[in-house]
Amino acid sequence: MLTTDAVLTVLRPVQDPELQKSLVELNMIRDVAIAGGTVSFTLVLTTPACPLREFIVEDCEKAVKTLPGVEKVEVTVTAETPQQKSLPDRQSVGQVKNIIAISSGKGGVGKSTVAVNVAVALAQTGATVGLLDADIYGPNAPTMLGLSGAAVQVQNSPQGEVLEPVFNHGIKMVSMGFLIDPDQPVIWRGPMLNGIIRQFLYQVNWGALDYLIVDMPPGTGDAQLTLTQSVPMAGAVIVTTPQTVSLLDARRGLKMFQQMGVNVLGIVENMSYFIPPDLPDHQYDLFGSGGGEKASKELNVPLLGCVPLEISLREGGDKGIPIVVSQPESASAKALTAIAKQIAGKVSMAALV
Ligand SMILES: Nc1ncnc2c1ncn2[C@@H]1O[C@H](COP(=O)(O)OP(=O)(O)OP(=O)(O)O)[C@@H](O)[C@H]1O
């Protein structure tokens, strides 16, 4: 006789490949039901952006089909993103579950491009996502999201002023660009950072978020230290390019995060190789190949992925339509979506292990 217990027994040895624990023990299998030869259940993943979703579903189906009498297996996939571990001396942010810093050792390596596309790619999987653009030197996330003329609305509440984030391409966003005068010298903007960061974290109506992506200012100066000290982070991602100088900077960034006790999730190598628009099947290693892999080995952090240099990626940024929306089949969009999933997987793992 086909029973719920029999289904759970055959599913018990199936493991979450990353957590290496039984799906049944992790309470990821729920609502098992049997109707004739059809077995249905809900698989609750630890992130809607689970990079191994298909493999896990396949493993479950295979296991259940070993039971005599099973004709059909129906798996409904949902997700419950776990909350990052709380950090001593850091105040968590409302209903925001995981804060992820996207950083770079120096400017112009594509940090904002990665931050914006990772945020939108996570939202495309069904996650609730916010983007905090903390880059005082070049707050260009609004342009990349088609929100350059936007302004945050300020509401008065009993708790004081609350900022209403702007919304586009499925994500909520606030930006330094909305509050600071672009003509004001950076030297004046720096000291304002502390106050604005706190306001952007604790006085924004973020609502419930699975992920808040922070586009960090480049480098490892005071602004970055302030941020890593005040923000409770689930992890940090370092964006670099294959050139030696930016790898040196990446190493500096890595040290800073490690000293501040922030988990470095991995590095992203941007502008890894060039894909000419008229020859989409060709790739040219302008800066030499294997740099990202070498850096990941040297720095002892995972390589989350390599993003090619593609003209359409820059055009998407200029037009305010991220490439993961405008051309999801392009090589750079695929790489950025895979990177977003890697990040989500690692964040869930860090929260649960
Ligand atoms: N892989 C890529 N292919 C083509 N263009 C890219 C790529 N990555 C980034 N760019 C372009 O390079 C420029 C700089 O990128 P971006 O603003 O993301 O860098 P950044 O590191 O955030 O810079 P800053 O420190 O000034 O904020 C942008 O015009 C962007 O569209």
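Nothing here was measured: the structure is a model prediction, and the numbers come from that model.

What follows concerns the site of the ligand. Close to the ligand lie 21 residues; Gly107, Gly110, Ser112, Thr113 and Gly138 are nearest. Elements with a minimum of two residues in the shell around the ligand: α3 (111–124), β14 (264–274), β15 (303–309) and α10 (311–319). Along the lines of polarity and charge, the residues of the shell around the ligand split into 6 nonpolar, 11 polar and 4 charged.

Attention now moves to the sheet that holds strand β7 (residues 129–133). The 8 strands lie next to each other as β10-β11-β7-β12-β6-β13-β14-β15, forming an open sheet whose pairing is mixed. The sheet is open, and its two edges are formed by β10 (166–168) and β15, each paired on a single side. When strand polarity is set aside, the average angle formed by the axes of neighbouring strands in this sheet is 25 degrees. Bridging between β14 and β15 involves 5 bridges; their strand directions are parallel. In the strand pairing of β15, Phe274 is matched with Leu309. Helix α9 (residues 291–299) rests against β13 (235–240), β14 and β15 of the sheet, and its axis sits at about 160 degrees to β14. Running over the sheet, helix α12 (residues 331–352) touches β6 (96–104), β13, β14 and β15 and is turned about 165 degrees from β15.

This part covers the packing of α3 against α12. The interhelical angle for the contact between α3 and α12, taken along N-to-C directions, is 75 degrees, at an axis separation of 9 Å. Taken as axis vectors, α3 and α12 run roughly perpendicular relative to one another. Listed contacts from α12 to Val114, Asn117, Val118, Ala121 and Leu122 of α3 are Leu336, Thr337, Ile339, Ala340, Ile343 and Ala344. Residue composition of the contact of α3 with α12, grouped by class: 9 nonpolar, 2 polar and no charged.

A few words on unusual backbone geometry. The phi dihedral of Gln20 falls on the positive side, at around 55 degrees, and the residue is not glycine. Summarising the element assignment, Gln20 is placed in the loop between β1 (15–16) and β2 (21–22). A positive phi is found at His169, a non-glycine position, where the angle reads about 50 degrees. Structurally, the position occupied by His169 is in the loop between β10 and β11 (171–175).

Moving on to α10. All of the buried residues in α10 are Leu313, Gly316 and Gly317. Taken around the axis of α10, the buried residues stretch over an arc of 100 degrees, which confines them to a single face. Of the exposed residues in α10, those oriented more than 90 degrees away from the buried face are Ile311 and Asp318. With its phi angle positive at about 85 degrees, Gly320 sits one or two positions after the end of α10.

Turning next to the domain arrangement of the protein. Domain parsing of the protein yields domain 1 (4–79) and domain 2 (96–352). Of note, the centres of domain 1 and domain 2, computed from C-alpha atoms alone, are 34 Å apart. If you look at the interface, domain 1 gives 8 residues, while domain 2 gives 12 residues. A breakdown of the residues in the side of domain 1 that touches domain 2 according to their chemical character gives 5 nonpolar, 2 polar and 1 charged.

With that settled, consider the sheet that holds strand β4 (residues 38–45). The 3 strands lie next to each other as β3-β4-β5, forming an open sheet whose pairing is mixed. Either end of the sheet is taken by a strand with one partner, and the two such strands are β3 (29–35) and β5 (72–79). Pairwise comparison of adjacent strand axes, ignoring direction, gives a mean angle of 15 degrees for this sheet. Where β4 meets β5, 8 bridges bridge the pair, whose relative direction is parallel. When the bridges of β5 are listed, Val44 appears paired with Thr78. Helix-sheet contacts for helix α1 (residues 4–11) involve β3 and β4, and the interaxial angle to β3 is about 130 degrees. Lying on the sheet, helix α2 (residues 53–65) is in contact with β4 and β5; it crosses β5 at an angle near 145 degrees.

As a further point, take the UniProt feature "binding site: ATP" (unreviewed entry) in the protein. UniProt feature "binding site: ATP" (unreviewed entry): in the numbering of this structure it lies at Gly105, Lys106, Gly107, Gly108, Val109, Gly110, Lys111 and Ser112. Along the chain, Gly107 falls in the loop between β6 and α3. If we skip the residues at most four places from it in the chain, Gly107 touches Tyr137, Gly138 and Pro218. Residue classification places Val109 among the buried residues on the basis of 23 C-beta atoms within 10 Å.

This part covers the pairing of β4. Taking every second residue as pointing to the same face, the buried face of β4 carries Val39, Phe41, Leu43 and Leu45, while none of Thr38, Ser40, Thr42 and Val44 on the other face is buried. In terms of strand pairing, β3 meets β4 through 5 bridges, oriented antiparallel. Residue pairing across strands places Ile29 opposite Leu43, the latter belonging to β4. Handedness of the β4-α2-β5 crossover: right-handed.

Conventions adopted
- The residue count restarts for each chain, going from 1 along the sequence in the order it is written.
- Only residues with pLDDT of at least 70 get local features here, since the model is predicted, and only at 80 or more are side-chain atom pairs given and counted; chain-wide, interface and lining totals rely on the full set of residues.
- A residue counts as near a molecule or strand when its C-beta atom, positioned from the backbone, falls within 6 Å of it.
- Helical segments are the DSSP runs of H or I of at least four residues, strand segments are the runs of E of at least two, and each set is numbered from the N terminus.
- By the convention adopted, Pro, Cys, Tyr, Trp, Phe, Met, Ile, Leu, Val and Ala count as nonpolar, Lys, Arg, Asp and Glu as charged, and the other residues, Gly among them, as polar.
- For two strands to pair, DSSP has to find at least two bridges joining them.
- Lines are fitted to the C-alpha atoms to define the axes, a helix being fitted only along its stretch in contact, and any angle between axes, read from their N-to-C directions, falls within 0 to 180 degrees.
- For every residue pair, C-beta atoms are placed from the backbone, and the pair is scored as a contact if these atoms sit within 7 Å.
- Each angle gets one of four labels, with under 35 degrees taken as roughly parallel, over 145 as roughly antiparallel, 65 to 115 as roughly perpendicular, and the rest as oblique.
- Labels follow a simple rule on C-beta atoms placed from the backbone: if 20 or more others lie within 10 Å of a residue's own, it is buried; if 12 or fewer, it is exposed; otherwise it is partly exposed.
- Note that the arc is defined by the directions from the helix axis to the C-beta atoms.
- In this document the domain limits rely on a domain assignment from an automatic tool or a database.
- UniProt positions are given in the numbering used here, feature names are shortened, and annotations may be inferred rather than shown by experiment.
- Looking down the strands as they point away from you, a crossover is right-handed if its path from the first strand over the helix to the second goes clockwise.

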